[in-house]
Amino acid sequence: MKRSINSILLFLILVLTLILSGCASLPIIESQPAGEDPYNGRYSFDVESNIAYSIKHDEENLYLKLKTDDKMTIRKIMMHGLYVYMDPKGAKSKDIFFNYPLTAKFDPSQMKNKSAGMTAGSRQEFNVDRYLERVSMEAIFSDHNIAEKLPVFSSKTDFHVELFSEGPHVLVYYLRIPFDRISNNDLSAISEFSLGLMTGKVEIPQMGGGGHSGGGMKSGGGRPNGSDMAGSSERESMTQQLSIWFKVDLTPGDE
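One structure accompanies this document, and this report is about it. (Residues numbered from 1 in each chain as written. Predicted model: local features only at pLDDT ≥ 70, side-chain atom pairs only at ≥ 80, totals over all residues. Heavy atoms only, no water.)

1. Things to note about the packing of aromatic side chains
The condition is simple: For this analysis, a ring pair means two rings from Phe, Tyr or Trp (six-membered ring only for Trp) whose centres lie within 6.5 Å, classed as stacked if their planes differ by under 30 degrees, edge-to-face if by over 60, and tilted for the remaining angles. Burial status follows relative accessibility: with a 1.4 Å probe on protein chains alone, a residue under 20% of its type maximum counts as buried, one over 50% as exposed, and anything between as partly exposed. A run of H or I in DSSP becomes a helix once it reaches four residues, and a run of E becomes a strand once it reaches two; helices and strands are each numbered from the N terminus. In this scheme, the term charge over a ring applies when either NZ of a lysine or CZ of an arginine sits within 6 Å of the ring centre and within 35 degrees of the ring normal.
In the structure shown here, the tally under the stated rule is 12 aromatic pairs. With centroids separated by 5.9 Å and ring planes inclined at 45°, the aromatic side chains of Phe126 and Tyr131 adopt a geometry described as tilted. Looking at Phe126, the relative accessible area reads 9%, which means it is buried. When its relative accessible area of 16% is taken as the criterion, Tyr131 is described as buried. When the ring of Phe141 is compared with that of Phe159, the centres are 4.9 Å apart and the planes differ by 40°; the resulting orientation is tilted. Placement of Phe141 in strand 8 (residues 138-143) and of Phe159 in the loop between strand 9 (146-151) and strand 10 (160-165) is noted, with a sequence separation of 18 residues between them. Three or more aromatic residues joined by ring pairs make a cluster, and in this case those are Tyr39, Tyr63, Phe164 and Tyr174. One cation-aromatic arrangement involves Lys94 over Tyr85; the distance from NZ or CZ to the ring centre is 5.7 Å.

What follows is the structure, encoded as structure tokens:
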């Protein structure tokens with residue numbers, strides 16, 4: 001009986017190990033040689049976040065391009081900030097990261113002015129350029145809690161980052177990452193590394209008081225109307241972080 005129990009325990013441990021190892025594995029993305037245009041590469045696509053991304057490299061730098069036309073994803077990137085994590089050990093460490101754009105500061109007066117300028121039942125048309133007008137002029141690079149601010153438009157920084165639109169509904173993000181920021185060694189010494197793309201974490205505070213759940217108008221019977229429900233769903237979606245992790249393979253064949 002004791003031998004049977006031990007066999008069952010060993011089997012359960014084996015199954016659990018296989019499950020955990022499967023969860024820990026990251027997809028592998030092949031980086032292509034940079035060539036004349038380091039940002040014109042073959043896309044991979046993340047279905048959950050609706051982000052297309054490409055990876056290319058030369059001897060000194062990795063080139064990351066992101067592109068999306070998903071309105072919720074664009075709002076999250078521009079309002080919550082985007083973090084690009086770099087793990088030279090090929091796991092999901094957050095010790096080294098580049099942060100741009102920085103988290104947008106919430107200004108209640110801006111929201112009031114926007115609301116006052118809208119007619120009943122109307123909403124301002126979505127346009128990426130409106131977000132780009134207020135984008136931060138600085139980025140942050142952090143290596144094991146040692147952070148430095150980098151001027152985005154300076155040619156003297158080793159990182160290069162750029163945000164722009166392709167029409168009113170498409171956001172494009174360029175980032176050049178120097179390999180010596182990922183590892184102290186040169187490119188030949190980097191056997192594998194991983195990248196993580198995540199938006200900042202945001203918690204929406206509870207609104208209202210005195211027994212009211214948020215001050216929204218309700219329809220008959222005390223139920224929230226359709227507009228309130230849609231707004232609540234959108235706010236909840238905005239709090240969910242985007243998260244894409246993958247390993248980068250620097251040894252594919254030439255294009």
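2. Points about the sheet that holds strand 9
What counts, and what does not: Pairing between strands is defined by DSSP: at least two bridges between the two strands are required. Between N-to-C directions, angles span 0 to 180 degrees; the directions come from axes that are lines fitted to C-alpha atoms, helices contributing only their stretch in contact.
Taking strand neighbours across the sheet as the criterion, the seven strands line up as 1-13-12-6-7-8-9 in an open arrangement whose pairing is mixed. Of all strands in the sheet, those with a lone pairing partner are strand 1 (28-30) and strand 9, marking the two edges. Going from strand to strand, the sheet's axes swing by 25° on average, the running direction of each strand aside. As paired elements, strand 12 (residues 193-199) and strand 13 (residues 243-249) share six bridges and run antiparallel to each other. Paired with Phe193 across the bridge in strand 13 is Val248.

3. Thoughts on the pattern of salt bridges
Keep this limit in mind: In what follows, salt bridge is the name for a side-chain nitrogen of Lys or Arg lying within 4 Å of a carboxyl oxygen of Asp or Glu.
Applying the stated rule across the entire model yields five salt bridges. Between Glu138 and Lys149 there is a salt bridge whose closest N-O contact spans 3.8 Å. You can see Glu138 sitting in strand 8 and its partner Lys149 sitting in strand 9, a full 11 residues away along the chain. The exposed category is assigned to Lys149, whose relative accessible area is 57%. A salt bridge links Glu148 to Arg181, with the nearest nitrogen and oxygen atoms 2.7 Å apart. One end of the pair, Glu148, is in strand 9; the other, Arg181, is in helix 5 (residues 179-182), and 33 residues separate them in sequence. Salt bridges sharing common partners tie together Glu148, Asp158 and Arg181.

4. Thoughts on helix 2 (residues 71-80)
Where we set the bar: Polar contact is defined as a pair of N or O atoms within 3.5 Å, subject to the rule that within protein one atom must be able to donate a hydrogen and the other to accept it, and that residues adjacent in sequence are counted only when both atoms are side-chain atoms.
Of all 10 residues that make up helix 2, seven are buried, and the element is covered over most of its length. Those residues of helix 2 not exposed but buried are Thr73, Ile74, Arg75, Lys76, Ile77, Met78 and His80. By the N-cap criterion, in which a side-chain oxygen at the helix start approaches the backbone nitrogen of a residue two or three places on, helix 2 is capped by Asp70, the distance to Met72 being 3.2 Å. Just downstream of helix 2 lies Gly81, where phi reads positive at about 85°.

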